[in-house]
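Examination of the molecular architecture
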Amino acid sequence: MPRIFCIANQKGGVGKTTTTVNLAAGLAQVGQRVLVVDLDPQGNATMGCGVDKRKLEASIYDVLLESATVAEARVRSPAGGFDVLGANRELAGAEVELVGLDRRNERLAAALSPVAAEYDFILIDCPPSLSLLTLNGLCCAHGVIVPMQCEYFALEGLTDLVNTIKQVHANLNPRLQIIGLLRVMFDPRITLQQQVSDQLKSHFGDKVFNAVIPRNVRLAEAPSYGQPGVVFDPSSRGAQAYIAFAREMVDRVKTLR
Ligand code: ADP
Ligand code: MG
């Protein structure tokens, strides 16, 4: 059975989508079977995987509202070597439509279970909010990967996320845990970033991944070519860091209960 992880942080622009897409491609390169679920109406993960969000025949929206199955809606990332359950603007409406429905938190979990055995990893790219969509992700996940920039307000922002995860753990999904914090867009020349990084390690210990993702322009350029950075420029420092992170995740899941 696969390990299901949410890539979450309620802040926007912190590297969630870049992490989802490149971790997926990295895992695929080391032989893992991967499904990416785009849970953000912006559809950036979909596009970054090389799938045109405007041309989806069915999307995560249809899956959540039960008008398509995951098997029907998923497509292949041409360059990435993994499957994608895509999203587009339609998904923004799901939030409102779900509120009136039963099992509204558990829709994604129910939808994924028939295909789960086909994957080693399912990675869910969450929107920048603690919304009903994110809740659907948290309800079906084993754990949360939190990408973060080592900035002054980073720790403060973590409090809300950690509290939400605790609540979901207590009330909805007892297996949910924080898998780890991933330092992204890291620039070691900036003293403040080193300081925040040290603080993270002293607060969270081995919950901080060893892999550190540097700020690297190749990772930012890759989506406009419809390719994960790991595929677009495998020798770049950013790609190498995500490959190292993928290997670390493969090891880390072996230690999970
Ligand atoms: P989120 O999904 O959290 O909103 P993104 O992954 O979309 O964040 O990243 C926000 C922006 O930063 C994007 O333009 C992306 O290309 C860029 N970016 C992300 N990670 C890196 C990195 N390690 N180096 C350089 N640019 C990055
Ligand atoms: Mg995003």
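Residues numbered from 1 in each chain as written. Chains lettered and ligands numbered in written order. Predicted model: local features only at pLDDT ≥ 70, side-chain atom pairs only at ≥ 80, totals over all residues. Heavy atoms only, no water.

**What to know about the packing of aromatic side chains**
In the structure shown here, the tally under the stated rule is four aromatic pairs. Taking the centre distance of 4.8 Å and the plane angle of 70° together, the rings of F209 and F245 count as edge-to-face. One end of the pair, F209, is in strand β8 (residues 208-214); the other, F245, is in helix α12 (residues 237-254), and 36 residues separate them in sequence. (Phe/Tyr/Trp six-rings, centres within 6.5 Å; stacked < 30°, edge-to-face > 60°. Helix = DSSP H or I, 4+ residues; strand = E, 2+ residues; numbered from the N terminus.)

**Some points on the side chain of R252**
Relative to the elements of secondary structure, R252 occurs in helix α12. Looking at R252, its side chain comes within polar contact range of the main-chain oxygen of I179, at 2.9 Å. Here the side chain of R252 touches D206 through a polar contact of 3.3 Å, landing on its backbone oxygen. With sequence-adjacent residues up to four places away left out, R252 is seen in contact with I179, D206, V208 and F209. (Polar contact = N/O pair within 3.5 Å; in protein donor to acceptor, adjacent residues only side chain to side chain. Contact = heavy atoms within 4.5 Å.)

**Observations regarding the sheet that holds strand β2 (residues 34-38)**
Taken in spatial order, the eight strands line up as β3-β4-β2-β5-β1-β6-β7-β8 in an open sheet, and their pairing is mixed. The two strands at the open ends of the sheet, each matched to only one other strand, are β3 (75-76) and β8. (Pairing = 2+ DSSP bridges.)

**Concerning helix α7 (residues 132-140)**
Counted residue by residue, α7 has eight buried out of nine residues, so it is predominantly covered. The complete set of buried residues in α7 reads L132, L133, T134, N136, G137, L138, C139 and C140. (Buried < 20%, exposed > 50% of the residue type's maximum accessible area, 1.4 Å probe, protein only.)

**Here's the deal with the environment of F245**
What makes F245 buried here is its relative accessible area of 0%. Sequence-wise, F245 and N44 are 201 residues apart; in three dimensions their C-alpha atoms are separated by 21 Å. Not counting the four nearest positions on each side in its chain, F245 is found in contact with T19, L23, I145, L182, F209, A211 and I213.

**Focus: the pattern of salt bridges**
On inspection of all chains with the given rule, the structure shows 13 salt bridges. Ionic pairing is found between R33 and D120, a salt bridge with its closest N-O pair at 3.1 Å. With R33 in the loop between α1 (16-29) and β2 and D120 in the loop between α6 (107-112) and β5 (121-125), the pair connects residues that are 87 residues apart, well separated along the chain. (Salt bridge = Lys/Arg side-chain N within 4 Å of Asp/Glu carboxyl O.)

**Regarding the site of ligand 1**
In the region of ligand 1, 14 residues are neighbours, and G13, K16, T17, T18 and N216 sit closest. Between ligand 1 and the protein, one listed contact pairs an oxygen atom with a side-chain N or O atom of T17 at 2.8 Å. Starting from 560 Å² of accessible surface for ligand 1 in isolation, the protein chains cover 78%. Those elements that provide at least two residues to the shell around ligand 1 are α1, β8 and α10 (217-221). The dominant element in the shell around ligand 1, judged by the number of residues it contributes, is α1, at three residues. In the shell around ligand 1, the residues fall into six nonpolar, six polar and two charged. (Near = heavy atom within 4 Å. Areas by Shrake-Rupley, 256 points an atom, 1.4 Å probe, with all protein chains shown as cover. Nonpolar A, V, L, I, M, F, W, Y, C, P; charged D, E, K, R; others polar.)

**Digging into the pairing of β5**
Taking burial as the measure, the five residues of β5 include five buried ones, the bulk of the element. Neither face of β5 is exposed, since F121, L123 and D125 on one face and I122 and I124 on the opposite face are all buried. One ladder, built from five bridges, connects strand β1 (residues 3-7) with β5; its direction is parallel. Across the sheet, the residue bridging to C6 is I124, located in β5. Two strands pair when backbone bridges link them, and β2 and β5 are joined in this way by five bridges, in the parallel orientation. When the sheet's bridge partners are listed, D38 is paired in β5 with D125.

**Comments concerning the state of the cysteines**
All chains considered together, the criterion is met by zero disulfides. Residue C6 stays outside any disulfide, its sulfur separated by 3.9 Å from that of C126, the closest cysteine. (Disulfide = S-S within 2.5 Å.)

**Digging into unusual backbone geometry**
Positive phi, close to 65°, is recorded for E66, a residue that is not glycine. Take E66: it is sitting in the loop between α3 (60-64) and α4 (70-73). One non-glycine residue, R103, lies in positive phi territory at about 45°. Looking at the secondary structure, you find R103 in the loop between α5 (91-99) and α6. When its relative accessible area of 37% is taken as the criterion, R103 is described as partly exposed.

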